[in-house]
Amino acid sequence: QVQLVESGGGLVQAGGSLRLSCAASGRTPSTYGMGWFRQAPGKEREFVAFISRGGSTYYSDPVKDRFTISRDNAKSTVYLQMNSLKPEDTAIYYCALDVVVSTKAKDYDYWGQGTQVSVSS
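Computed from a prediction, not measured in an experiment: that's the story for all the values here.

Quick word on the pattern of salt bridges
(1) Moving on: For the coordinates displayed, the defined rule picks out five salt bridges.
(2) Moving on: With a shortest N-O distance of 2.5 Å, Glu 46 and Arg 38 are connected by a salt bridge.
(3) Moving on: Between Arg 66 and Asp 89 there is a salt bridge, and its shortest N-O distance comes to 2.8 Å. Residue Arg 66 is located in the loop between β6 (57-59) and β7 (67-72), and its partner Asp 89 is located in the loop between β8 (77-82) and β9 (91-98); the two are separated by 23 residues in the primary sequence.
(4) Moving on: On the accessibility criterion, Arg 66 (10% relative accessible area) is buried.
(5) Moving on: If you follow the salt bridges from partner to partner, you end up with Arg 38, Glu 46, Arg 66 and Asp 89 in one network.

Side note on the side chain of Arg 38
(1) Moving on: Topologically, Arg 38 is positioned in strand β4 (residues 33-39).
(2) Moving on: A distance of 2.9 Å separates a polar atom in the side chain of Arg 38 from a polar atom in the side chain of Asp 89.
(3) Moving on: At 2.9 Å, the side chain of Arg 38 forms a polar contact with the side chain of Tyr 93.
(4) Moving on: Apart from the residues within four sequence positions on either side, Arg 38 is in contact with Glu 44, Arg 45, Glu 46, Val 48, Pro 62, Val 63, Phe 67, Glu 88, Asp 89, Ala 91, Ile 92 and Tyr 93.

Structural notes on the packing of aromatic side chains
(1) Moving on: Inspection of every chain in the model, using the stated rule, returns six aromatic pairs.
(2) Moving on: Look at Tyr 94 and Trp 111: their rings are 6.4 Å apart centre to centre, the planes differ by 80°, and that puts the pair in the edge-to-face class. One end of the pair, Tyr 94, is in strand β9; the other, Trp 111, is in strand β10 (residues 110-111), with 17 residues separating them in the sequence.
(3) Moving on: Look at Trp 111 and you get partly exposed, because its relative accessible area is 25%.
(4) Moving on: Three or more aromatic residues joined by ring pairs make a cluster, and in this case those are Phe 37, Phe 47, Tyr 94, Tyr 108 and Trp 111.

Thoughts on the sheet that holds strand β1 (residues 2-7)
(1) Moving on: An order of β1-β3-β8-β7 is seen for the four strands of this open sheet, with the pairing classed as antiparallel. The open sheet has two edge strands, β1 and β7, and neither has a second partner. For this sheet, the mean inter-axis angle between neighbouring strands, taken without regard to orientation, is 15°.

Overview of the nonpolar core
(1) Moving on: Formed by 27 residues in total, the largest nonpolar core has its most connected members in Trp 36, Leu 80, Met 82 and Tyr 93.
(2) Moving on: Among the secondary structure elements, those contributing two or more residues to this core are β1, β3 (18-26), β4, β5 (46-51), β7, β8, β9 and β11 (115-120).
(3) Moving on: With residues up to four places along the chain from it excluded, the contact list for Met 82 reads Gly 16, Ser 17, Leu 18, Leu 20, Arg 66, Phe 67, Tyr 93 and Val 117.
(4) Moving on: Grouped together as the second largest cluster of nonpolar side chains are five residues, Phe 37, Phe 47, Phe 50 and Tyr 108 included.

What about the side chain of Glu 6?
(1) Moving on: Structurally, Glu 6 can be placed in strand β1.
(2) Moving on: Buried charged residue Glu 6 carries no salt bridge. Nearest counter-charge: Arg 45, at 7.6 Å.
(3) Moving on: Among the polar contacts listed, one links the side chain of Glu 6 to the backbone nitrogen of Cys 95, at a separation of 2.8 Å.
(4) Moving on: Reaching out from Glu 6, the side chain makes a polar contact with the backbone nitrogen of Gln 113 at a distance of 2.9 Å.
(5) Moving on: Non-local contacts of Glu 6, meaning those with residues more than four positions away in its chain, are made with Ser 21, Cys 22, Trp 36, Tyr 93, Tyr 94, Cys 95, Gly 112, Gln 113, Gly 114 and Thr 115.

What counts, and at which threshold
- Residues numbered from 1 in each chain as written.
- Predicted model: local features only at pLDDT ≥ 70, side-chain atom pairs only at ≥ 80, totals over all residues.
- Heavy atoms only, no water.
- Salt bridge = Lys/Arg side-chain N within 4 Å of Asp/Glu carboxyl O.
- Helix = DSSP H or I, 4+ residues; strand = E, 2+ residues; numbered from the N terminus.
- Buried < 20%, exposed > 50% of the residue type's maximum accessible area, 1.4 Å probe, protein only.
- Polar contact = N/O pair within 3.5 Å; in protein donor to acceptor, adjacent residues only side chain to side chain.
- Contact = heavy atoms within 4.5 Å.
- Phe/Tyr/Trp six-rings, centres within 6.5 Å; stacked < 30°, edge-to-face > 60°.
- Pairing = 2+ DSSP bridges.
- Axes fitted to C-alpha atoms, helices over the stretch in contact; angles between N-to-C directions.
- Core = buried A, V, L, I, M, F, W, Y, C linked by side-chain atoms within 4.5 Å.
- Lys, Arg positive; Asp, Glu negative; His and termini not counted.

Structure (structure tokens):
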């Protein structure tokens, strides 16, 4: 079993920054990618960013150039640095882990509980 625990969410004004963390524990695969997704009220869960074990990164167009995903393999932790936040970034942010390289939520078997990010205008 794999456990993922997110932290770092909160309330911030537009233009501000937040850094999310997600720590993995348990029986993690020897090689895995980690992704961040978000879900706003009344909307489907959407892809935000992904990082492979080797450090290759992918971003959705709405967050490209504002968000940065990184990982510390020694700590089994992935980070999401979010800058220039906008009200439309408000959502619950989830981290996910799997052996796949995918931007689709359905391809991930392991999920964290989510952390709320709220951006005021």
